[in-house]
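Take a look at the letters that make up each chain.
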Amino acid sequence: MAAALFLRRSLFASFLCFALLFGVSLAADPFVFYDFKFSYITASPLGVPQQVIAVNKGFPGPVLNATTNYNVVVNVLNELDEPLLLTWSGIEMRRDSWQDGVLGTNCPIPSKWNFTYQFQVKDQIGSYFYFPSLNLQRASGGFGPIIVNNRDIIPIPFPQPDGEIILIIGDWYTQNHTALRKTLDSGKELGMPDGVLINGKGPFKYNSSVPDGIEYETVHVDPGKTYRIRVHNVGVSTSLNFRIQEHKLLLVEAEGHYTSQANFTDFDIHVGQSYSFLVTMDQNATSDYYIVASARFVNETVWQRVTGVAILHYSNSKGPASGPLPAPTTDVSNQWSAMNQPRAIRQNTSASGARPNPQGSFHYGQINITHTYILRSLPPTTINGSLRATLNGISFVYPSTPVRLADRFKVKGAYKLDFPDEPLDRPPRLDRSIINATYKGFIEVIFQNNDTKVQSFHVNGYSFFVVGMDFGIWSEDKRGSYNNWDAISRSTVEVYPGAWTAVLISLDNVGVWNIRVENLDRWYLGQETYMRIINPEENGKTEMDPPDNVLYCGALKSMQKEQRHSAATSILNGHLKLSFFSMLMAVLVSVFTL
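Just so you know, these numbers come straight off a predicted model, no measurement behind them.

## Details of the pairing of strand β30 (residues 492-495)
On β30, burial covers both faces: T492 and E494 on one face and V493 and V495 on the other are all buried. The pairing of strand β27 (residues 455-459) with β30 spans four bridges and is classified as antiparallel. Across the sheet, residue Q455 finds its bridge partner in β30, namely V495.

## A closer look at the layout of surface pockets
In this structure, the largest pocket encloses a volume near 950 Å³. When residues of the lining of the largest pocket are traced back to their parent elements, those giving at least two are β15 (257-264), β28 (464-471) and β31 (499-506). Tallying contributions element by element places β31 first for the lining of the largest pocket, with three residues. When grouped by side-chain class, the residues that make up the lining of the largest pocket number 14 nonpolar, 15 polar and six charged.

## Focus: helix α2 (residues 177-185)
For α2, the complete set of buried residues consists of H177, L180, R181, T183 and L184. Projected down its long axis, α2 shows its buried positions confined to an angular sector of 160 degrees, all on one face. For α2, the exposed residues set more than 90 degrees away from the buried face come down to K182 and D185. Along its buried surface, α2 packs onto β1 (31-43), β2 (50-55), β22 (386-388) and α6 (520-524). Among the residues trailing α2, G187 stands out with phi positive, at a value near 90 degrees.

## Points about the packing of aromatic side chains
All told, the structure shown has 28 aromatic pairs when counted by the stated rule. Seen in terms of ring centroids, F59 and F143 are 5.8 Å apart; in terms of plane orientation they differ by 50 degrees. Their pairing is tilted. On the criterion of sequence distance, the pair formed by F59 in the loop between β2 and β3 (64-67) and F143 in the loop between β7 (126-132) and β8 (144-149) is long-range, its members being 84 residues apart. Side by side, F59 and F143 carry an identical accessibility label, which is buried. Lying over the aromatic face of W523, R516 brings its terminal NZ or CZ to 4.4 Å of the ring centre.

What counts as what
- Residues numbered from 1 in each chain as written.
- Predicted model: local features only at pLDDT ≥ 70, side-chain atom pairs only at ≥ 80, totals over all residues.
- Heavy atoms only, no water.
- Buried < 20%, exposed > 50% of the residue type's maximum accessible area, 1.4 Å probe, protein only.
- Helix = DSSP H or I, 4+ residues; strand = E, 2+ residues; numbered from the N terminus.
- Pairing = 2+ DSSP bridges.
- 1 Å grid on protein atoms, 1.4 Å probe; cavity = no way out; pocket = protein on both sides within 12 Å on 5 of 7 lines; lining within 4 Å.
- Points joined across faces, edges and corners; volume = space filled by probe spheres on them.
- Nonpolar A, V, L, I, M, F, W, Y, C, P; charged D, E, K, R; others polar.
- Arc of directions from axis to C-beta.
- Contact = heavy atoms within 4.5 Å.
- Phe/Tyr/Trp six-rings, centres within 6.5 Å; stacked < 30°, edge-to-face > 60°.
- Lys NZ or Arg CZ within 6 Å of the ring centre and 35° of its normal.

Here it is in structure tokens:
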């Protein structure tokens, strides 16, 4: 007995020494580890062989699954023939824009290099996605879903579903991203997509317009069960209407925030947006059912062939789906009726999210606005002989040295802090102009869309309250129509052509954060800027230091060390810490079972 006690104490002391040596804390939030290898594969989602970007040889990429406050480590190996950056749509990266994965913030990962991202999904839950942010690469793939689960102690505001289904939808071209870049660089628009994909697959042959032999997605379900269906529009530029034949969609979540629950027969999902629906399998099984994602806010007669169709298959189904596709219920020719749906999305103010919510809604409507920014987009125009897109007349040009690195190492002239807070009466121009935002400010941003197509706007590092939208030109008297009680908080919002959308943002996340249009063609042409948010009383606690593996480029490229790695590097970098921690845990378990 004495010998066993001595051994137990010795092993426990050894464990503590190892833990201190390697910085392991039993009280710390858990880690999850992923290895993502980006490479080209050949696929034929629309029946035409083409080059797509795969993650771990899959298209779309694997699910990144974590839980509130988990630390996420993603080791990325870039086997593409061009630089790569991976960004995390909707993940707020608290105090850590070094991991954000956009070119104004981070140096790109060179071809054949690997880079390990490490960030915490701090105080978040919900549905998001990752994708490559450079040079239209998302148009060729490289995207995949992110799920951030509630902690066990925080209940979800609906009965636990019987299962989960992920649907990644988006318009698709049979030309890859390099060919699409050449089209835009030549001064032309991209034109009509060749189709819509659902989970990387083409349409079920619902009529003779669909070629034979196309692989389509089949979703298998059991009768009577309720599923949480997470839907992400990762496409290039097309708003899509999502519907399931004969089934109701109960909206429960929008990009990490629970909504007031409402039933829809169909739902418009704009580029870059993510939603969760509860769908109960309450129909009879005489046949399968269509799952449809069709183009919206376009000439639908011309775009009939640009439709994604998958199959919902009950386990006791008696036959295949047949007949015409179900039609959307909303009439997009009536522009005001199209706005009724987004206006109906309200926050569930009584639901808990990442934290308990005993007091109800955050009272954002009672906070004084410290600054207003009106960001106006216009149709692309020619600047210095090239087709460009603008915000407030400025078409953004990436600094050769990312903004935060330039600050850290005092690189002069890398960017300008003079982005106008409203449209100015002057010719459009190319510039490296960004917003000099005030830490702890509470700002109002008006996205004014004077372009000819629906646009989605996204703010990295933040969620914002969508307080108003309408057609026409925004003016100060429009504030009287704002929803100051239960506006949905999200990270990507649609702005209709000839209309505006107003959002409120609490600037509590220091760093440098991208504001952009999600439509890839306009983004590629320069329709973006950044917010630089610095705590003037910085004491080392409000922003993370640059990681040890930070990449250097531009004026700092001489600081970058050459990367040498073997085929095993990606595995070792991603899993050494996990393996060691697992070993220590095994020791600890053995200690207390002696």
